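Listed below, chain by chain, are the residues.
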Amino acid sequence: MIHQTSVAGVIANNVTTDKFNELTSDLDHALQSLGVNRYAYFCSERNGYSPSIVTNLPSEWLSEYEENALYRIDPVLNISKDTALPFSWLTTGLNNQNQQLSSNALKYKIIEGYTFIAISHGTEVGTLTLCLDKKETDLSSVIKKNEAAIQFCLIKYHEQHRQLYNQGLSTKADAQIKNLSCREREVLCWIASGKTYSEAAIILGITERTIKFHVANIKQKLDVYSSRQLASIATKHGLIHV
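If you're wondering where the values come from, they're calculated on a predicted model, not measured in any experiment. (Residues numbered from 1 in each chain as written. Predicted model: local features only at pLDDT ≥ 70, side-chain atom pairs only at ≥ 80, totals over all residues. Heavy atoms only, no water.)

## Observations concerning the overall build of the protein chain
Here is step 1 of the chain: Scanning the protein chain from terminus to terminus reveals ten helices and seven strands.
Here is step 2 of the chain: Taken along the three principal axes of its C-alpha coordinates, the protein chain extends 65 × 40 × 30 Å.
Here is step 3 of the chain: Residues counted as buried form 48% of the 242 residues belonging to the protein chain.
Here is step 4 of the chain: Across the protein chain, the fraction of contacts at a sequence separation of at least 24, relative to all contacts at a separation of at least 6, is 60%.
Here is step 5 of the chain: Summing over all exposed atoms, the protein chain offers an accessible surface of approximately 12,300 Å²; the carbon and sulfur share of this is 53%.
Here is step 6 of the chain: Here the protein chain contributes 24 positive and 24 negative side-chain charges, whose respective centroids are spaced 5 Å apart. (Helix = DSSP H or I, 4+ residues; strand = E, 2+ residues; numbered from the N terminus. Buried < 20%, exposed > 50% of the residue type's maximum accessible area, 1.4 Å probe, protein only. Contact = heavy atoms within 4.5 Å. Areas by Shrake-Rupley, 256 points an atom, 1.4 Å probe, with all protein chains shown as cover. Lys, Arg positive; Asp, Glu negative; His and termini not counted. Charge placed at Lys NZ, Arg CZ, Asp CG, Glu CD.)

## Some points on the sheet that holds strand E4 (residues 52-55)
Here is step 1 of the chain: Spatially, the seven strands line up as an open sheet ordered E1-E2-E4-E3-E7-E6-E5, and their pairing is antiparallel. Each edge of the sheet is formed by a strand with only one pairing partner; in this case those strands are strand E1 (3-4) and strand E5 (87-90).
Here is step 2 of the chain: The strands touched by helix H1 (residues 18-33) are strand E2 (11-12), strand E3 (39-45), E4 and strand E7 (124-132); relative to E3, the strand with the most contacts, the crossing angle is about 135°. (Pairing = 2+ DSSP bridges. Axes fitted to C-alpha atoms, helices over the stretch in contact; angles between N-to-C directions.)

## Things to note about the pattern of salt bridges
Here is step 1 of the chain: Throughout the structure, instances matching the rule amount to six salt bridges.
Here is step 2 of the chain: One salt bridge connects Glu124 with Arg162, and the closest N-O pair in it is separated by 3.3 Å. Of this pair, Glu124 sits in strand E7 while Arg162 sits in helix H6 (residues 139-178); the two residues are 38 residues apart in sequence, bridging distant segments of the chain.
Here is step 3 of the chain: Put simply, Arg183 and Glu186 hold a salt bridge, and the shortest N to O gap is 3.0 Å. Note that Arg183 and Glu186 are positioned in helix H7 (residues 182-192) at a spacing of three residues, about one turn of the helix.
Here is step 4 of the chain: Overlapping salt bridges bring together Glu124, Glu159 and Arg162 as one network. (Salt bridge = Lys/Arg side-chain N within 4 Å of Asp/Glu carboxyl O.)

## Re the pairing of E7
Here is step 1 of the chain: Burial of E7 is extensive: nine of the nine residues sit out of reach of the surface.
Here is step 2 of the chain: Of the two faces of E7, the one holding Glu124, Gly126, Leu128, Leu130 and Leu132 and the one holding Val125, Thr127, Thr129 and Cys131 are both buried throughout.
Here is step 3 of the chain: By the bridge criterion, seven bridges tie E3 to E7 in an arrangement that is antiparallel. Bridged to Ala40 within E7 is Thr129.
Here is step 4 of the chain: Here eight bridges tie strand E6 (residues 112-119) to E7, and the two strands are oriented antiparallel to one another. Across the sheet, Gly113 pairs through a bridge with Cys131, a residue of E7.
Here is step 5 of the chain: Between E6 and E7, which pair antiparallel in sequence order, lie four residues.

## A word on the packing of helix H9 (residues 208-222) against helix H10 (residues 227-236)
Here is step 1 of the chain: Two elements in contact, H9 and H10, have axes whose closest approach is 11 Å; the angle formed by their N-to-C orientations is 65°. Between H9 and H10, the interaxial angle falls into the category roughly perpendicular. Seen along the crossing, H9 lies across H10 with a hand that is left-handed. Side by side, H9 and H10 meet where Val215, Ile218, Lys219 and Leu222 of the first sit next to Ser227, Leu230 and Ile233 of the second.
Here is step 2 of the chain: Looking at side-chain class alone, the contact of H9 with H10 contains five nonpolar, one polar and one charged residues. (Parallel < 35°, antiparallel > 145°, perpendicular 65-115°, else oblique. Left-handed = near helix turned anticlockwise from the far one by under 90°. Nonpolar A, V, L, I, M, F, W, Y, C, P; charged D, E, K, R; others polar.)

## Concerning the side chain of Ser52
Here is step 1 of the chain: Structurally, Ser52 is set in strand E4.
Here is step 2 of the chain: Owing to a relative accessible area of 3%, Ser52 belongs among the buried residues under this scheme.
Here is step 3 of the chain: Here the side chain of Ser52 touches Asn14 through a polar contact of 3.0 Å, side chain to side chain.
Here is step 4 of the chain: In this view, Ser52 contacts Asn13, Asn14, Tyr41, Phe42, Cys43, His161 and Tyr165; residues no more than four positions away in its chain are not counted. (Polar contact = N/O pair within 3.5 Å; in protein donor to acceptor, adjacent residues only side chain to side chain.)

## Description of the packing of helix H2 (residues 59-67) against helix H5 (residues 99-107)
Here is step 1 of the chain: As a packed pair, H2 and H5 sit with axes 10 Å apart at the nearest point and diverge in direction by 170°. Classed by the angle they form, the pair H2 and H5 counts as roughly antiparallel. Contacts between H2 and H5 involve Trp61, Glu64 and Tyr65 from the former and Leu101, Asn104 and Lys107 from the latter.

In structure tokens:
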């Protein structure tokens, strides 16, 4: 769901608060003063949860990006998890392996970008992408002149944003865990503890097919798509069998 922040033209995919709006206003003002016109900030978990996004790109872009879960295949986010150095990219070059992602970017005139990265002490990665369209020609000069200042803006914002993000993520996860049935909790515990589907089936006295059915339901309820994510959630909530 798209939420309007208190900053004109800046939107987010999470519910905003006064503190969030204050931080975002500071970021937007700082970037605009440095000559940055279009940007998108992502706070992503290394384990692959849906990222927190703040941007002044069109709301239609963010809606489509979220609805189709393009963050799962976005090469910019994938690269960001493996490097601490800024990098530039072209939409036609970086996204040529996925037509849907490429079409999404080009539809909203995102033809080129430069991405900064902030790595926290936790599992979150902060990504700030500056976007270039055909009307802009001076992005490289803006970056060359203000690269250090832009990087500092990201580090400062990311550290504060991730704390708010984790608070919201924890609250959301607590509610999702409570929504699991007793049997789904049992299955989650054993799968997250490293048991195979067949092993979990034997332990719980049910068929492997039933285990797979429960796992699919658990992933849907917890809004995740991998067993690694399930293990991370189970660990954080003390559901791992030792």
